[in-house]
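Listed below, chain by chain, are the residues.
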Amino acid sequence: MKTLIRNGRIITATDDYKADILIEDEVISVIGAKLEMETDLTIDASGKLVIPGGIDPHTHMELPFGGTTASDDFRTGTIAAAHGGTTTIIDFAVQYKGESLLQGVDNWHKKAEGKCAID
């Protein structure tokens, strides 16, 4: 899928300028002035800021604690994150007694599989 974001004010860690952004298969492929190409979706960002998504490095999706579990699962938590501009989370993975670190991470990936709205 190709998406073109037109006329946005692009803000990065080092730059601030007006341009268009072409996104192909969820990856930014071109940034330039007045891009002309066939796309599946065009978004007019006139008067809007276009910024990189945020990263939340400390989340607790489906975390068991004190006999209960965190209220957000990977579906609800990542949808909420996306609405706030966060595009990536780093979740706290539990490693239970007797498990290797790799087993703990693999178990957490299985919990998230097919549920996440973001990375």
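Keep in mind that this is a model prediction, so the values were computed, not measured.

A.B. asks: Please set out the overall build of the protein residue by residue, giving values where relevant.
C.D. replies: From N to C terminus, the protein includes two helices and nine strands. Walking the protein from its N terminus toward its C terminus, one meets helices and strands in the order β-β-β-β-β-β-β-β-α-β-α. Scaling as 2.2 N^0.38, a compact globule of 119 residues should have a C-alpha radius of gyration of about 14 Å, whereas the protein reaches 19 Å, well beyond that. Overall, the protein is about 55 × 25 × 25 Å in size when its C-alpha atoms are taken along their principal axes. Across the protein, the fraction of contacts at a sequence separation of at least 24, relative to all contacts at a separation of at least 6, is 56%. About 8,300 Å² of surface is accessible on the protein, with carbon and sulfur atoms providing 56% of the total.

A.B. asks: Pulling in residues and values, what's your account of the pattern of salt bridges?
C.D. replies: Taken as a whole and assessed by the stated rule, the structure comprises five salt bridges. Between Glu24 and Lys2 there is a salt bridge, with the nearest N and O atoms lying 3.8 Å from each other. Of this pair, Glu24 sits in strand 2 (residues 16-24) while Lys2 sits in strand 1 (residues 2-11); the two residues are 22 residues apart in sequence, bridging distant segments of the chain. In this structure, the salt-bridge partner of Asp20 is Arg6, at a minimum N-O distance of 3.2 Å. Of this pair, Asp20 sits in strand 2 while Arg6 sits in strand 1, and the two are 14 residues apart along the sequence. Grouping residues by exposure puts Asp20 and Arg6 together as buried. Residues joined by salt bridges that share partners form a network here, namely Arg6, Asp20 and Glu36.

A.B. asks: Now, about the nonpolar core: what can you tell me, with residues and values included?
C.D. replies: Grouped together as the largest cluster of nonpolar side chains are nine residues: Met61, Leu63, Phe74, Ala81, Ile89, Val94, Trp108, Ala112 and Ile118. Of all the secondary structure elements, the ones that give two or more residues to this core are helix 1 (74-83) and helix 2 (101-112). For Met61, the contacting residues outside a window of four places in its chain are Asp72, Asp73, Phe74, Gly77, Ile89, Asp91 and Trp108. In this structure, Ile5, Ile10, Ala19 and Ile21 belong to the second largest nonpolar core, which totals six residues.

A.B. asks: Give a description of the packing of aromatic side chains that names residues and reports values.
C.D. replies: By the definition in use, this model includes zero aromatic pairs. Above the face of the Trp108 ring, Lys111 is positioned so that its terminal group lies 4.1 Å from the ring centre.

A.B. asks: Any chance you could break down a nonpolar patch on the surface for me, citing the residues and the numbers?
C.D. replies: A contiguous nonpolar patch, built from Met1, Leu41 and Ile43 and spanning about 270 Å² of accessible area, is present on the exposed surface. Position of Leu41 relative to the elements: it lies in strand 4 (residues 41-44).

A.B. asks: Could you give an account of unusual backbone geometry, with specific residues and numbers?
C.D. replies: Positioned with a positive phi, Asn7 is a non-glycine residue whose angle comes to about 60°. The backbone of Lys34 sits at a positive phi, close to 50°, despite the residue not being glycine. One can find Lys34 in the loop between strand 3 (27-32) and strand 4.

A.B. asks: Residue-level account of helix 1, with values.
C.D. replies: Phe74, Gly77, Thr78 and Ala81 are the residues of helix 1 that are buried. Buried residues of helix 1, viewed axially, fall in a sector of 90°; they line one side. For helix 1, the secondary structure elements touched by its buried residues are strand 9 (86-91) and helix 2. Regarding helix 1, its N-cap is Asp73, as a side-chain oxygen of that residue lies 3.0 Å from the backbone nitrogen of Arg75 further along. Of the residues one or two after helix 1, Gly85 is the one with positive phi, at around 95°.

Analysis parameters
Residues numbered from 1 in each chain as written. Predicted model: local features only at pLDDT ≥ 70, side-chain atom pairs only at ≥ 80, totals over all residues. Heavy atoms only, no water. Helix = DSSP H or I, 4+ residues; strand = E, 2+ residues; numbered from the N terminus. Rg over C-alpha atoms; globule rule 2.2 N^0.38 Å. Contact = heavy atoms within 4.5 Å. Areas by Shrake-Rupley, 256 points an atom, 1.4 Å probe, with all protein chains shown as cover. Salt bridge = Lys/Arg side-chain N within 4 Å of Asp/Glu carboxyl O. Buried < 20%, exposed > 50% of the residue type's maximum accessible area, 1.4 Å probe, protein only. Core = buried A, V, L, I, M, F, W, Y, C linked by side-chain atoms within 4.5 Å. Phe/Tyr/Trp six-rings, centres within 6.5 Å; stacked < 30°, edge-to-face > 60°. Lys NZ or Arg CZ within 6 Å of the ring centre and 35° of its normal. Patch = residues over 30% accessible without salt bridge, like charges linked within 9 Å, V, L, I, M, F, W, Y side chains within 5 Å. Arc of directions from axis to C-beta. Polar contact = N/O pair within 3.5 Å; in protein donor to acceptor, adjacent residues only side chain to side chain.

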